[in-house]
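Chains, contacts and geometry: an overview
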2 protein chains.
Amino acid sequence: MDHDGDSRTQINLQSKRVRLARDMRRSQILDAAQALFVARGWDAVTIADVLAEAGISKGGFYHHFSAKEDLLDALVERFTERAMDGTAGAREAEGDALARFNTFVDASNRWRAEHGPELRFFLDVMLQPGNETQFARINAASAEVTLPVLRGLIEEGACSGRFDVPDAGLVAETILALGHGRRAALRAAVKATDAGDLDAAALTLEARMAGEARLIDRLLGLPPGSVVLSEAGKHREMLAAIAAPCGDRRPRAPKPTRTPKPGSERRPPC
Amino acid sequence: MDHDGDSRTQINLQSKRVRLARDMRRSQILDAAQALFVARGWDAVTIADVLAEAGISKGGFYHHFSAKEDLLDALVERFTERAMDGTAGAREAEGDALARFNTFVDASNRWRAEHGPELRFFLDVMLQPGNETQFARINAASAEVTLPVLRGLIEEGACSGRFDVPDAGLVAETILALGHGRRAALRAAVKATDAGDLDAAALTLEARMAGEARLIDRLLGLPPGSVVLSEAGKHREMLAAIAAPCGDRRPRAPKPTRTPKPGSERRPPC
DNA sequence: TCATACCGACCAACCGTCGGTTTTTAAGGT
DNA sequence: ACCTTAAAAACCGACGGTTGGTCGGTATGA
């Protein structure tokens, strides 16, 4: 590398930044990055943006993360780690297979309700165009954790004769896939809730969940009404929890992909 | 950037490149891009790569496509356009709802078998890390086309009393989601086939398809064995069609994400 | 005093633009 | 018919500005 070699000799004079413990800085950077991804999306957020938001230099950042991608991995890991704790206790519930199944569903629903804002991030942001990569990873990580649990539950029910299932793995996978499609419905519901139409949104969601429950009944070989995905009115409060926690609306990033405007302004007034 | 600033005055002397009709060049570029994406993945392919592969200049490229993203859109459009023609005829089949359903499934299976190489592209490439964006688009476009058809078929069967279905849309969505999960299985099967273990791969696939069929039976409220996803041995020949058409193995792009090696070589010897 | 958190100037590479050139097509004049 | 002229479209490749990532070096807590 042969460039002007003497400009580097200038001495750093304004290092007023504090020195933090490793995990502190990491999570601080993670928080900053997550906030930015929420507002703008993966591609539209540059490393420089994260640097500014976190208040750290480039060198500092690359001391903790090896690449922009690494940021995503860490984000996913943090999320799934937290999510696992939420539903881990439901594994050793009591009762027969069906009761345990319903308990598990209820636990994950409850966890979802309690983590509204965070969920909104992975619900709202991941689905906006340009974030498919993150979404896929989150999804894969999530499935990797929940699929074995679900399959275990179903297999157990099949062994005890409570369920009538030809292939537990396939059924578990299908149920999970069902939830995958639900995201779109949830997204629409959140949107409607934001627009003030909570009742209609809750009703629609409730209908979908009821439909799903009946499908799962069939998949498990149970009479209709066995599986209960939600008590009445449960989704209303869940929607309320997920819906925008602050009064301010998001900036509505109008640039899902890379900005092709090199003119002067690069970012809309947030 | 201070390099020789007057180099522009040199006159282009070697314009030996032929001039092609609009659609010709477009599809030529598309072919080149597709081949590269197959080999390396979305992020690892630069515009310059496509330029070189297609034998066209940057200006020429941007005369036909507005951005790299546009390339993907065009690719998706071209694919779905071709795919639609393949199964369009199956819509007006004869017989009762179940027979029509089976015909539809059979038609799409047949189409899949006939377009092995192309399918392999969307199967093999889209699933490699870093291609989630394309995969999501392909998937969305595909669903947008096939979901209404499937739902129509199911609704019709529900009206005629042939099917027992609470929510046709939900069931259609679930069946489609089933196919989504199947991709992973197919991928594994293709891999096994490449490794020479065609029999085992076909057997595994056959088992999965049988399981799926029984699930769909339940979803549609039919007795077991009604839905037929494949005649015996059908998957063997399909696998054979999909499996690598050429004897040479792909370069196995070792850099799914951006290459952080600025040393000297940027691309491994292909 | 030694590891490590941290800094910021720098670099290569990339995408997309721009002024310009060449070829084709269309129009008009004779 | 033929030539001339003009507009349109295909095509070129050097350049600008931005981005992700590197590197030598500094500061600080244990």
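1. Describing the overall build of chain A
From N to C terminus, chain A includes ten helices and zero strands. Start at the N end of chain A and walk to the C end: the helices and strands fall as α-α-α-α-α-α-α-α-α-α. Scored against the burial criterion, the 270 residues of chain A give a buried share of 43%. If you take every contact in chain A between residues at least 6 apart in sequence, the share linking residues at least 24 apart comes to 69%. By element, 54% of the accessible surface of chain A is carried by carbon and sulfur atoms, the whole surface being about 14,700 Å².

2. Some points on the interface of chain B and chain A
With 24 residues of chain B at the interface, the matching set in chain A holds 24 residues. Taken over both partners, the interface formed by chain B and chain A buries close to 2,100 Å², and the fraction arising from carbon and sulfur atoms is 64%. A salt bridge links Glu173 of chain A to Arg208 of chain B, with the nearest nitrogen and oxygen atoms 2.9 Å apart. Seen at the junction of chain B and chain A, the total is seven residue pairs in polar contact (both at pLDDT 80 or more). Among the secondary structure elements, those contributing two or more residues to the side of chain B that touches chain A are helix H7 (132-159), helix H8 (168-194) and helix H9 (198-220) of chain B. Examining the composition of the side of chain B that touches chain A, we find that eight residues originate from one element, H9 of chain B, more than from any other.

3. Some details on the pattern of salt bridges
One pass over the full model with this rule turns up 15 salt bridges over all chains. Across the pair Arg236 of chain A and Asp199 of chain A runs a salt bridge, and its minimum N-O distance is 2.1 Å. Highlighted residues: Arg236 of chain A in helix H10 (residues 234-242) and Asp199 of chain A in helix H9 (residues 198-220), separated in sequence by 37 residues. Overall, Arg236 of chain A belongs to the partly exposed group, its relative accessible area being 40%. Note that Arg100 of chain B is salt-bridged to Glu156 of chain B, the shortest N-O span being 3.3 Å. Of this pair, Arg100 of chain B sits in helix H5 (residues 97-114) while Glu156 of chain B is found in helix H7, placing the two residues 56 residues apart along the sequence. Taking relative accessible area as the criterion, Arg100 of chain B reaches 14% and is therefore assigned buried.

The rules behind the values
Residues numbered from 1 in each chain as written. Chains lettered and ligands numbered in written order. Predicted model: local features only at pLDDT ≥ 70, side-chain atom pairs only at ≥ 80, totals over all residues. Heavy atoms only, no water. Helix = DSSP H or I, 4+ residues; strand = E, 2+ residues; numbered from the N terminus. Buried < 20%, exposed > 50% of the residue type's maximum accessible area, 1.4 Å probe, protein only. Contact = heavy atoms within 4.5 Å. Areas by Shrake-Rupley, 256 points an atom, 1.4 Å probe, with all protein chains shown as cover. Buried area = accessible area lost by both parts, 1.4 Å probe. Salt bridge = Lys/Arg side-chain N within 4 Å of Asp/Glu carboxyl O. Polar contact = N/O pair within 3.5 Å; in protein donor to acceptor, adjacent residues only side chain to side chain.

Purely spatial values, then, with no claim about function.
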